[in-house]
Amino acid sequence: MYKIVEFSKVLMKDFIVSLNKENIICVDATLGNGFDSLFLSKLINNNGTIYAYDIQQESINNSTKLFKENNVDNVIINLKSHEFINEENIDLAIFNLGFLPGSNKEIKTNAKTTLNAIKNLLPRMNNDNMLIIICLYVGHNEGLYESIVVDEYLKNLPSKEYLICKYQNYNRPTSPYILTISLNKLKK
């Protein structure tokens, strides 16, 4: 089947295609090496903007180089934590938590800032249709704690407003998994 990052791209693509609208607004809450932003940029094909956030200059440098090599000009990079997302009417947000691949593993996302980012993001999402994708990595202590905190918060979101889904390899409890937040289309 799919690895978690590949599956997140399937979710992003299906959602973007279903939107069928102009000026799509996406947030890459954890820019990393820029691959999610690059994928979204190609997916929306200059029909919108991606706002990307990361706290590491190395991430910004790597991603800027990637975007130049691929002629991407619709990604706006912010050198700050994802808890400070300030765009409005966001259609899709992606979190690929953990640490920057190929970099210092001591610098990683954490439960406090990720939870703050999610809480900050929910009222900024498009009220008609939205999707938040969160890739969690439980193979290290901080990632495991972060996943517990995020899981607990999302379990308690009102089910009349939000649909929360979990995608996980059933027989591999320490493998990464995805949580999604979307609007509950069945609300009355």
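These numbers were taken from a predicted model, which means no experiment stands behind them. (Residues numbered from 1 in each chain as written. Predicted model: local features only at pLDDT ≥ 70, side-chain atom pairs only at ≥ 80, totals over all residues. Heavy atoms only, no water.)

Colleague: Describe the environment of Ser41, with residues and values.
Modeller: One can find Ser41 in helix 2 (residues 35-44). Its relative accessible area of 6% is what places Ser41 among the buried residues. As a C-alpha pair, Ser41 and Asn169 span 128 residues in sequence and 28 Å in three-dimensional space. Non-local contacts of Ser41, meaning those with residues more than four positions away in its chain, are made with Asn46, Ile50, Val72, Asn74 and Val75. (Helix = DSSP H or I, 4+ residues; strand = E, 2+ residues; numbered from the N terminus. Buried < 20%, exposed > 50% of the residue type's maximum accessible area, 1.4 Å probe, protein only. Contact = heavy atoms within 4.5 Å.)

Colleague: Requested: an account of the pattern of salt bridges, with residues and values cited.
Modeller: Inspection of the entire model under this criterion finds 5 salt bridges. We note a salt bridge from Glu88 to Arg124, for which the minimum N-O separation is 2.6 Å. Taken together, the residues span a long stretch of sequence, with Glu88 in the loop between strand 3 (75-79) and strand 4 (92-96) and Arg124 in the loop between helix 4 (111-121) and strand 5 (131-136) at a distance of 36 residues. Classification of Arg124 by relative accessible area gives buried; the value is 17%. Among the salt bridges present, the one from Asp151 reaches Lys166, with a minimum N-O distance of 3.8 Å. Taken together, the positions of Asp151 in helix 5 (residues 141-155) and Lys166 in strand 6 (residues 162-168) put the pair 15 residues apart, joining distant regions of the chain. For Asp151, a relative accessible area of 15% translates into the label buried. (Salt bridge = Lys/Arg side-chain N within 4 Å of Asp/Glu carboxyl O.)

Colleague: Which residues make up the packing of aromatic side chains, and what values go with them?
Modeller: With the rule as written, the count across this model stands at 1 aromatic pair. The positively charged end of Lys9 is found above the aromatic ring belonging to Phe39, 5.5 Å away from the centroid. Positioned over the ring face of Tyr177 is Lys166, at 4.5 Å from the centre of the ring. (Phe/Tyr/Trp six-rings, centres within 6.5 Å; stacked < 30°, edge-to-face > 60°. Lys NZ or Arg CZ within 6 Å of the ring centre and 35° of its normal.)

Colleague: Give me the lowdown on the sheet that holds strand 5, citing residues and values where you can.
Modeller: Within the open sheet, the 7 strands sit side by side as 3-2-1-4-5-7-6. Their pairing is mixed. The open sheet has two free edges, formed respectively by strand 3 and strand 6, since each of these has just one partner strand. Across the sheet, the mean angle from the axis of one strand to that of its neighbour is 15°, orientation sign disregarded. Of the strands in this sheet, strand 1 (24-28), strand 4, strand 5, strand 6 and strand 7 (177-183) touch helix 1 (residues 4-19), which is tilted by about 175° from strand 5. (Pairing = 2+ DSSP bridges. Axes fitted to C-alpha atoms, helices over the stretch in contact; angles between N-to-C directions.)

Colleague: Explain the packing of helix 1 against helix 2 to me, and be specific about the residues and the numbers.
Modeller: In the contact formed by helix 1 and helix 2, the axes pass within 11 Å of each other and the chain directions differ by 25°. Relative to helix 2, the element helix 1 is oriented roughly parallel. The element helix 1 and its partner helix 2 pack so that their crossing is right-handed. Across the interface between the two elements, Lys9, Met12, Lys13 and Ile16 of helix 1 pack against Phe35, Asp36, Phe39, Leu40, Leu43 and Ile44 of helix 2. Broken down by class, the residue content of the contact of helix 1 with helix 2 amounts to 7 nonpolar, no polar and 3 charged. (Parallel < 35°, antiparallel > 145°, perpendicular 65-115°, else oblique. Left-handed = near helix turned anticlockwise from the far one by under 90°. Nonpolar A, V, L, I, M, F, W, Y, C, P; charged D, E, K, R; others polar.)

Colleague: Which residues make up the environment of Phe39, and what values do they have?
Modeller: Structurally, Phe39 is set in helix 2. When the C-alpha positions of Phe39 and Ser8 are compared, they lie 11 Å apart, and in sequence the two are 31 residues distant. Leaving out residues up to four positions away in the same chain, Phe39 has contacts with Lys9, Met12 and Lys13.

Colleague: Residue-level account of helix 2, with values.
Modeller: Of the positions making up helix 2, those classed as buried are Asp36, Ser37, Leu38, Leu40, Ser41 and Ile44. Structurally, helix 2 contributes buried residues whose contacts are with helix 1, strand 1, strand 2 (48-54), helix 3 (57-69), strand 3 and strand 4. Downstream of helix 2 by one or two residues, Asn45 has phi in the positive range, about 50°.

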